[in-house]
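Listed here are the chains, written in short residue letters.
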There are 6 protein chains.
Amino acid sequence: MTRPSNRLPAQLRDVRITRNYTCHAEGSVLIEFGNTKVLCTASVEENVPPFLRGKGEGWVTAEYGMLPRSTHTRMAREAAKGKQSGRTQEIQRLIGRSLRAVVDMKALGERQITIDCDVLQADGGTRTASITGACVALHDALQGLIAAGKLSASPLKDWVAAVSVGMFEGTPVLDLDYPEDSACDTDMNVVITGSGGFVEVQGTAEGAPFARSELDSLLALADQGIQQLVALQKQAVAG
Amino acid sequence: MTRPSNRLPAQLRDVRITRNYTCHAEGSVLIEFGNTKVLCTASVEENVPPFLRGKGEGWVTAEYGMLPRSTHTRMAREAAKGKQSGRTQEIQRLIGRSLRAVVDMKALGERQITIDCDVLQADGGTRTASITGACVALHDALQGLIAAGKLSASPLKDWVAAVSVGMFEGTPVLDLDYPEDSACDTDMNVVITGSGGFVEVQGTAEGAPFARSELDSLLALADQGIQQLVALQKQAVAG
Amino acid sequence: MTRPSNRLPAQLRDVRITRNYTCHAEGSVLIEFGNTKVLCTASVEENVPPFLRGKGEGWVTAEYGMLPRSTHTRMAREAAKGKQSGRTQEIQRLIGRSLRAVVDMKALGERQITIDCDVLQADGGTRTASITGACVALHDALQGLIAAGKLSASPLKDWVAAVSVGMFEGTPVLDLDYPEDSACDTDMNVVITGSGGFVEVQGTAEGAPFARSELDSLLALADQGIQQLVALQKQAVAG
Amino acid sequence: MTRPSNRLPAQLRDVRITRNYTCHAEGSVLIEFGNTKVLCTASVEENVPPFLRGKGEGWVTAEYGMLPRSTHTRMAREAAKGKQSGRTQEIQRLIGRSLRAVVDMKALGERQITIDCDVLQADGGTRTASITGACVALHDALQGLIAAGKLSASPLKDWVAAVSVGMFEGTPVLDLDYPEDSACDTDMNVVITGSGGFVEVQGTAEGAPFARSELDSLLALADQGIQQLVALQKQAVAG
Amino acid sequence: MTRPSNRLPAQLRDVRITRNYTCHAEGSVLIEFGNTKVLCTASVEENVPPFLRGKGEGWVTAEYGMLPRSTHTRMAREAAKGKQSGRTQEIQRLIGRSLRAVVDMKALGERQITIDCDVLQADGGTRTASITGACVALHDALQGLIAAGKLSASPLKDWVAAVSVGMFEGTPVLDLDYPEDSACDTDMNVVITGSGGFVEVQGTAEGAPFARSELDSLLALADQGIQQLVALQKQAVAG
Amino acid sequence: MTRPSNRLPAQLRDVRITRNYTCHAEGSVLIEFGNTKVLCTASVEENVPPFLRGKGEGWVTAEYGMLPRSTHTRMAREAAKGKQSGRTQEIQRLIGRSLRAVVDMKALGERQITIDCDVLQADGGTRTASITGACVALHDALQGLIAAGKLSASPLKDWVAAVSVGMFEGTPVLDLDYPEDSACDTDMNVVITGSGGFVEVQGTAEGAPFARSELDSLLALADQGIQQLVALQKQAVAG
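Residues numbered from 1 in each chain as written. Chains lettered and ligands numbered in written order. Predicted model: local features only at pLDDT ≥ 70, side-chain atom pairs only at ≥ 80, totals over all residues. Heavy atoms only, no water.

- The name that an unreviewed UniProt entry assigns to chain A is Ribonuclease PH, with the source organism given as Uliginosibacterium flavum.
- The UniProt entry for chain A carries this comment under Subunit (unreviewed entry): "Homohexameric ring arranged as a trimer of dimers."
- UniProt, in its Sequence similarities (unreviewed entry) section for chain A, records the words "Belongs to the RNase PH family." (UniProt positions renumbered as here; feature names shortened; annotations may be inferred.)

Spelled out as structure tokens, the structure:
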């Protein structure tokens, strides 16, 4: 079995994390999973949505978008169409939930952090790259609040990263690029914390339903990939 | 450990499937998971969306809605707000994918079946009830095409059903109602076919991330619940 | 002359009123005019729209919708299209006006009751069934406020019901179902109170304009039908 | 009893009909009912909506709008709000139905005439003035088609006009201006043809429901008013 | 060289300014530039948009619309399409900026004046006619505030008017009507105050780019035209 | 006089043009005017909008957007708001017109090129950077058509670039960054071709109207800046 990308089954694409990619946001990270490039910015606002007012807790939310020509053929601009697709909304809800799993909202206090994940170039795995990069942007924004004396310790309880896994010709493979994603029968996105806890598991049979044993091997592979991604996150903020 | 609902950990709610609930649709099923009541109708159209024209294949899609007062407090009507929420779109995409996994699109031919799942009363698990009921409505619509001489055999390759599972005070419990859903740390929706193949796995940590061992026990419980639901589907169409 | 429905000219369809059809709403009524089935729920909110704040008066409003497959061929879902049709808005304005005609807004106090009328199955006369069922749901919600000690007497000053009448082959006929509605030249919807006062008269010539004498006979027939409907409303809440 | 306008109970406001008010439309009429001024333009298009294609019939439709400062206080512009109100849609549907009642669609052939009714200044009765003026604009557009050799005879089978009537201090009064409309208990809009046939009757009790005898006297008064309006229409096109 | 309109190169169309054209607005002006007719109304509101609250300053803003049949062929109604075109928004932003250039916002105090410019008939130059008429409507609304004792002096610091110029067969020509606008290579709209200050210059090469010398001659011609328009504005309010 | 940026009055910011910035588009250029960074992609489509079909001509159009956190404080995402602002539409119309001025549409043939200009980071002058970068992206897409044998010569007749100029403390200054833009009384955007022809001139007095002599000095300065920008464009494609 040779993957379309020629990578080994358990091999991630080259992952690069560039901090301070743009200058205005409190956190700004360009994350690259091979040819997939997502700009993740974190914006801090000193108030919370209505349902949280006066509760002494903060909120983390996310929005997601693709530039019209981030894809192989041009996609219509969602702002011009006047609405976000179901896919867009599904992804931004996923990013927000994943990040909230590692933030202590009481420690954050009554402020909201919005993470914008905008895909500059897409080659599969935009949602997993978004989550992985967003966590670094969130980290940087929280460090900024500490530096500004607004927080005494970081509300970030753990790292969180995401990766896709799939079944290619009967073999579990890690971190699918676009051609691989199309060639796999089963596609699974997994969000795991630095300490190994599962935050989200989303598996979909593209063709034939998959067996429990396949699921088990995919989850094991995802776990392995996540630990590498978390190591890269830590290295990026240490650098 | 006593579940809020007083049910045993592996006990489904009372599930009732009423066919021919309304008179115009080619398939019309009221499914009840306890107090959750969803009307699933299947509508057959003799053409397909543009991306499939001339390919000799059919399509199955789904839409989902909640009546404004299906819930404890009134929700704003999506038609009046002028857009469907991200949650609505996420659910209707899930229902569509789940059904397509058990339909032979070539055998269906160039026609589209739209399943509308409208929640009359909500008490947790509206998406799992929707998928389970939708499969029966789809079955009935396909039988109607056979009866009308438009198909010689049913393109339905298998049954598909869905159920939620969660971790309540450390114990995996099956088929969460609304109060249980709020009390569980981890919420997982699982879509499985009659022959035991996984179609979708969607697990979310509401509070603390969950361990692989918890995931395993939840999946096993879901599998058990699905087999009961498929038995009820078969019984409903046999009756 | 034989009506398409085989009913006598002055004969209503079988009318059934089922209270407490769903469990969350303060009033919940399934009303059936033959095959037309509408779920009417009343939701009480302890505040009023901006234009009434601080005036010591309440408000009653209505929203209307049709499930996509309540009709013979599937209608596009208004939430998916992103707007309510002119017909929908016209009907919900009519339902609201009809109900407000029989409510003492001062006695209601600063609270709003929203009536949702959702058509589960349509066979003509959905707006008249909606008004007739909505009045019962409103009654039940008001009784709930009395039972809860929030009101000492019901602000419902009278009953109100609605019925359609039409000219079929020169004869005035009562309560048109869908095939009859298509076959009639003139279609009139009339809203009358229990004490016989007219609240709304809406007559439209579908083909040739109609004469004053026809109008007179239609109004007399409508009045007769309404008195039967009000008797059924009273019986339903007495039961 | 003295009407707020000092007019006699059965007295119309000064009605003026100015043809060719603007230069581009195939029919262009400024109609004034006292201070209510509506510009009605008829636009001919040589095709029909999809549901009529190939049937050899034409169509007449209407749109309605109010300039933002046609009213006493400025109304938000519907184009800026991004949607037409329910009231706007209800009125334009009424205008369209009223005009279609007097047009022979087979004789019109496969073309559509769109009537735009735009209120320049409002003082009550904008929908009745719109219908009355629209019929003249429609007449002129049809005469243009005859002059151009596209039609041999006019498809306009009769005139149609509209007027409001109301109950003021127990007396039926004709053609309500804005202050009178607010002061009347019952408001009725009636659309009648030149030969006396009823096209639409829309009566609404603003406060107390109204009795059948009141309805009868209002209808008689409306009929009287319409005959004067039709005379003015005929005079306008003769001039 | 003969212009399509037979006017001399530096000749304006007949310009007519009719004040008090409608009765409700605080300022209401019908301005005609030949066959182009725009109704400009000024509406005073005793509050300001959120970004100005509590700053002791006022605001002037504008909205623009075209009646569907103001043009040679019918344009779709923006309210029905559910959005304003880019052109509409561009024009209303231009009108607002032009008027704000001649108003002393501190002297106006915390109130907003909205100018609605609605095109009744279009024959080129609707934006320049709008600005020129809007300034008169604004003047009248401000005089009304003085008459009502709400202002002691007018915040209108100067007059402002606008005109188009273009290059026709190598000659600069003033105030283009629709056929001329189509025939010109370069189209420029210029907004100038009574004292000769430039407020806006918007020049667009329709075909070949234009030379600096052409630009200079166009600007000189525009300046000439504006002085005539300002004289007409002064005469209108003096009358 | 010292500019806020410390640049000389006639000094551009550092301008960088990076070609092939992303991999899918037929032309992909990152243009930087100091801290303003805009990604310009050109997408070729082998058909034209309806109004051009069958005419043997092509079309060039543009869309513009800002990433939510390209600005100092986060702007709401237009896709989430469901509409593009007037400013966005005005800018994308300007970019499109500017590019069309230098393209021979007959030579392009029946194909459309869409330029997307997405602002990654904003510091004033996003529209002028967009036009300048878009022309290079367009150039590259056209070269690709030549390389693919679809065109024999480039339809790009000339280069086009844009720059802002303003009046700062009485001195004309070139290429305003955000703080300078706020400090200037007059803001002018000028679009000029490589051969010195004016394509667009848009000047707005922010405070006091400006004199003809100021306009003249601003235009001369803009012309100087454009010639430098065109040299940089040529150098970029030569490199």
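Let's pick the thread back up.
## Quick word on the overall build of chain A
Inference 1: What chain A contains, in helices and strands, is 6 helices and 9 strands.
Inference 2: In terms of C-alpha radius of gyration, chain A reaches 18 Å, essentially the compact-globule figure of 18 Å for 239 residues.
Inference 3: Each of the three principal axes of chain A carries a C-alpha extent, and together these read 55 × 40 × 35 Å.
Inference 4: For chain A, buried positions account for 59% of its 239 residues.
Inference 5: Counting contacts in chain A only where the partners sit at least 6 residues apart, residues at least 24 apart contribute 70% of the total.
Inference 6: By element, 49% of the accessible surface of chain A is carried by carbon and sulfur atoms, the whole surface being about 8,600 Å². (Helix = DSSP H or I, 4+ residues; strand = E, 2+ residues; numbered from the N terminus. Rg over C-alpha atoms; globule rule 2.2 N^0.38 Å. Buried < 20%, exposed > 50% of the residue type's maximum accessible area, 1.4 Å probe, protein only. Contact = heavy atoms within 4.5 Å. Areas by Shrake-Rupley, 256 points an atom, 1.4 Å probe, with all protein chains shown as cover.)

## A look at the pattern of salt bridges
All names here are of chain D.
Inference 1: A full pass over the atoms with the stated rule returns 126 salt bridges over all chains.
Inference 2: Where aspartate 175 meets arginine 13, a salt bridge forms, and the shortest distance between an N and an O atom there is 3.0 Å. Within this pair, whereas aspartate 175 is found in the loop between strand E7 (171-174) and helix H5 (178-183), its partner arginine 13 is found in the segment before strand E1 (15-19), the two being separated by 162 residues in sequence.
Inference 3: Classification of arginine 13 by relative accessible area gives buried; the value is 8%. (Salt bridge = Lys/Arg side-chain N within 4 Å of Asp/Glu carboxyl O.)

## Digging into the interface of chain D and chain E
Inference 1: Taken residue by residue, the interface counts 36 residues in chain D and 36 residues in chain E.
Inference 2: Taken over both partners, the interface formed by chain D and chain E buries close to 2,700 Å², and the fraction arising from carbon and sulfur atoms is 49%.
Inference 3: Of all residues in chain D, D:His24, D:Arg69 and D:Arg77 bury the most surface against chain E, accounting for 27% of the area lost on that side.
Inference 4: Our count for the contact surface shared by chain D and chain E stands at 12 salt bridges.
Inference 5: On inspection of chain D and its partner chain E, the count reaches 21 residue pairs in polar contact (both at pLDDT 80 or more).
Inference 6: Contributions of two or more residues to the side of chain D that touches chain E are made by strand E3 (36-45), strand E4 (59-66), helix H1 (78-81) and strand E5 (112-121) of chain D.
Inference 7: Here the residues of the side of chain D that touches chain E are counted per class, giving 14 nonpolar, 12 polar and 10 charged. (Buried area = accessible area lost by both parts, 1.4 Å probe. Polar contact = N/O pair within 3.5 Å; in protein donor to acceptor, adjacent residues only side chain to side chain. Nonpolar A, V, L, I, M, F, W, Y, C, P; charged D, E, K, R; others polar.)

## Looking at the pairing of strand E6 (residues 160-168) of chain F
Residue and element names in this part refer to chain F.
Inference 1: Taken across its 9 residues, E6 has 9 buried, putting it largely inside the fold.
Inference 2: Burial of E6 is two-sided: the residues Val160, Ala162, Ser164, Gly166 and Phe168 facing one way and the residues Ala161, Val163, Val165 and Met167 facing the other way are all buried.
Inference 3: By the bridge criterion, 7 bridges tie E6 to strand E8 (residues 186-193) in an arrangement that is antiparallel. In the strand pairing of E8, serine 164 is matched with asparagine 189.
Inference 4: As judged from the 4 bridges shared by E6 and strand E7 (residues 171-174), these two strands associate in the antiparallel manner. (Pairing = 2+ DSSP bridges.)

## Focus: the arrangement of the chains
Inference 1: Of all C-alpha pairs spanning chain A and chain D, none lies closer than 11 Å, and the two are not in contact.
Inference 2: One finds no contact linking chain C with chain F; the least C-alpha distance across the pair is 11 Å.

## Some points on the layout of surface pockets
Inference 1: There is about 240 Å³ of room inside the second largest pocket.
Inference 2: Contributing to the lining of the second largest pocket are E:Thr204, E:Ala205, E:Glu206, E:Gly207, F:Trp59, F:Arg97, F:Arg100, F:Ala101, F:Val103, F:Lys157, F:Val199 and F:Glu200.
Inference 3: Counting residues per element, the ones that place at least two in the lining of the second largest pocket are strand E9 (198-205) of chain E together with helix H2 (86-100) and strand E9 (198-205) of chain F. (1 Å grid on protein atoms, 1.4 Å probe; cavity = no way out; pocket = protein on both sides within 12 Å on 5 of 7 lines; lining within 4 Å. Points joined across faces, edges and corners; volume = space filled by probe spheres on them.)

## Remarks on empty space enclosed by the protein
Inference 1: Evaluated as defined, the whole model comprises 8 cavities of 30 Å³ or more.
Inference 2: Roughly 270 Å³ of volume is contained in the largest cavity.
Inference 3: Lining the largest cavity are 22 residues; nearest its centre among them are A:Arg77, A:Ala79, F:Arg77, F:Ala79 and F:Asp118.
Inference 4: Contributing elements (two or more residues each) for the lining of the largest cavity: strand E4 (59-66) and helix H1 (78-81) of chain A together with strand E4 (59-66) and helix H1 (78-81) of chain F.
Inference 5: Looking at the lining of the largest cavity residue by residue, the classes come out as 14 nonpolar, 2 polar and 6 charged.
Inference 6: Taken as a whole, the second largest cavity spans an internal volume of roughly 50 Å³.
Inference 7: Surrounding the second largest cavity, A:Thr22, A:Leu39, A:Thr41, A:Asp116, A:Asp118, F:Leu67, F:Pro68, F:Arg69, F:Ser70 and F:Leu120 form its lining.
Inference 8: Those elements that provide at least two residues to the lining of the second largest cavity are strand E3 (36-45) and strand E5 (112-121) of chain A.
Inference 9: Grouping the amino acids of the lining of the second largest cavity by side-chain chemistry returns 4 nonpolar, 3 polar and 3 charged.

## With respect to the UniProt feature "binding site: phosphate" (unreviewed entry) in chain A
Residues and elements named next belong to chain A.
Inference 1: Per the UniProt entry, the sites bearing "binding site: phosphate" (unreviewed entry) are Arg87, Gly125, Thr126 and Arg127 in this numbering. Spanning 41 residues, the named residues nonetheless gather at one spot, since no C-alpha pair among them exceeds 13.4 Å.
Inference 2: Position of threonine 126 relative to the elements: it lies in helix H4 (residues 126-147).
Inference 3: Once you skip the residues sitting within four places of it in the chain, threonine 126 turns out to touch Thr36, Val38, Tyr64, Met66, Arg87 and Val119.

## Digging into the nonpolar core
Inference 1: Formed by 131 residues in total, the largest nonpolar core has its most connected members in E:Ile115 and F:Ile115.
Inference 2: Ignoring anything within four residues of it in the chain, the contact list for E:Ile115 reads E:Thr41, E:Ala42, E:Val60, E:Thr61, E:Ala62, E:Glu63, E:Leu99, E:Ala134 and E:Leu138. (Core = buried A, V, L, I, M, F, W, Y, C linked by side-chain atoms within 4.5 Å.)

## Details of the sheet that holds strand E1 (residues 15-19) of chain E
Residues and elements named next belong to chain E.
Inference 1: What the 5 strands build is an open sheet, ordered E1-E2-E3-E5-E4; its pairing is mixed. If you trace the sheet from one side to the other, it starts and ends with E1 and strand E4 (59-66), each paired once. On average, each strand axis in the sheet is tilted by 20° relative to the strand beside it, whichever way the strands run.
Inference 2: Pairing between E1 and strand E2 (residues 27-33): 5 bridges, direction antiparallel. Within E2, the residue paired with arginine 16 across the bridge is glutamate 32.
Inference 3: Docked against the sheet, helix H4 (residues 126-147) engages E1, E2, strand E3 (36-45), E4 and strand E5 (112-121), running at close to 35° with respect to E3. (Axes fitted to C-alpha atoms, helices over the stretch in contact; angles between N-to-C directions.)

## Points about the sheet that holds strand E6 (residues 160-168) of chain B
Inference 1: Reading across the sheet, the 8 strands line up as E7(A)-E6(A)-E8(A)-E9(A)-E9(B)-E8(B)-E6(B)-E7(B) and stay open at both edges, with antiparallel pairing between neighbours. Among the strands making up the open sheet, the edge pair consists of strand E7 (171-174) of chain A together with strand E7 (171-174) of chain B. Between one strand axis and the next, the sheet turns by 20° as a mean value, whatever way the strands run.
Inference 2: Contacts from helix H2 (residues 86-100) of chain A reach strand E6 (160-168), strand E8 (186-193) and strand E9 (198-205) of chain A together with strand E9 (198-205) of chain B, with the element oriented near 150° to E9(A).
Inference 3: Against the sheet, helix H4 (residues 126-147) of chain B engages E6, strand E8 (186-193) and E9 of chain B, with an angle of about 160° to E6(B).

## Regarding the packing of aromatic side chains
Inference 1: Here the structure, examined in full by the defined rule, presents 12 aromatic pairs over all chains.
Inference 2: When the ring of A:Phe210 is compared with that of B:Phe198, the centres are 5.8 Å apart and the planes differ by 15°; the resulting orientation is stacked. Of the two residues, A:Phe210 is situated in the loop between E9 and helix H6 (212-238) and B:Phe198 in strand E9; the pairing between them involves two chains.
Inference 3: In this structure B:Phe198 comes out as buried when scored by relative accessible area, which is 2%. (Phe/Tyr/Trp six-rings, centres within 6.5 Å; stacked < 30°, edge-to-face > 60°.)

## Brief notes about the relation of the copies chain D and chain E
Inference 1: Once turned by 180° and shifted 0.0 Å along the axis, chain D lies on chain E with an RMSD of 0.0 Å. Read as a symmetry element, the transformation amounts to a two-fold axis.
Inference 2: Looking at the interface residues of chain D, 100% of them are also at the interface in chain E, so both copies use one shared face. (Least-squares fit on C-alpha atoms with pLDDT ≥ 70 in both.)

## Side note on the UniProt feature "domain: Exoribonuclease phosphorolytic" (unreviewed entry) in chain A
Inference 1: Residues annotated by UniProt as "domain: Exoribonuclease phosphorolytic" (unreviewed entry) correspond here to residues 11-141 and 160-222 of chain A.
Inference 2: Within residues 11-141 of chain A, the helical portion is 30% and the strand portion 31%, while the C-alpha atoms at the span's ends are 31 Å from each other.

## Things to note about the environment of D:Leu12
Residue and element names in this part refer to chain D.
Inference 1: For leucine 12, the location among the structural elements is in the segment before E1.
Inference 2: Classification of leucine 12 by relative accessible area gives buried; the value is 9%.
Inference 3: Each C-alpha atom of the pair leucine 12 and valine 173 lies 9.3 Å from the other, and the pair is 161 residues apart in sequence.
Inference 4: Beyond its immediate sequence surroundings of up to four residues, leucine 12 is in contact with Arg7, Val163, Leu174, Asp175, Gly225, Gln228 and Leu229.

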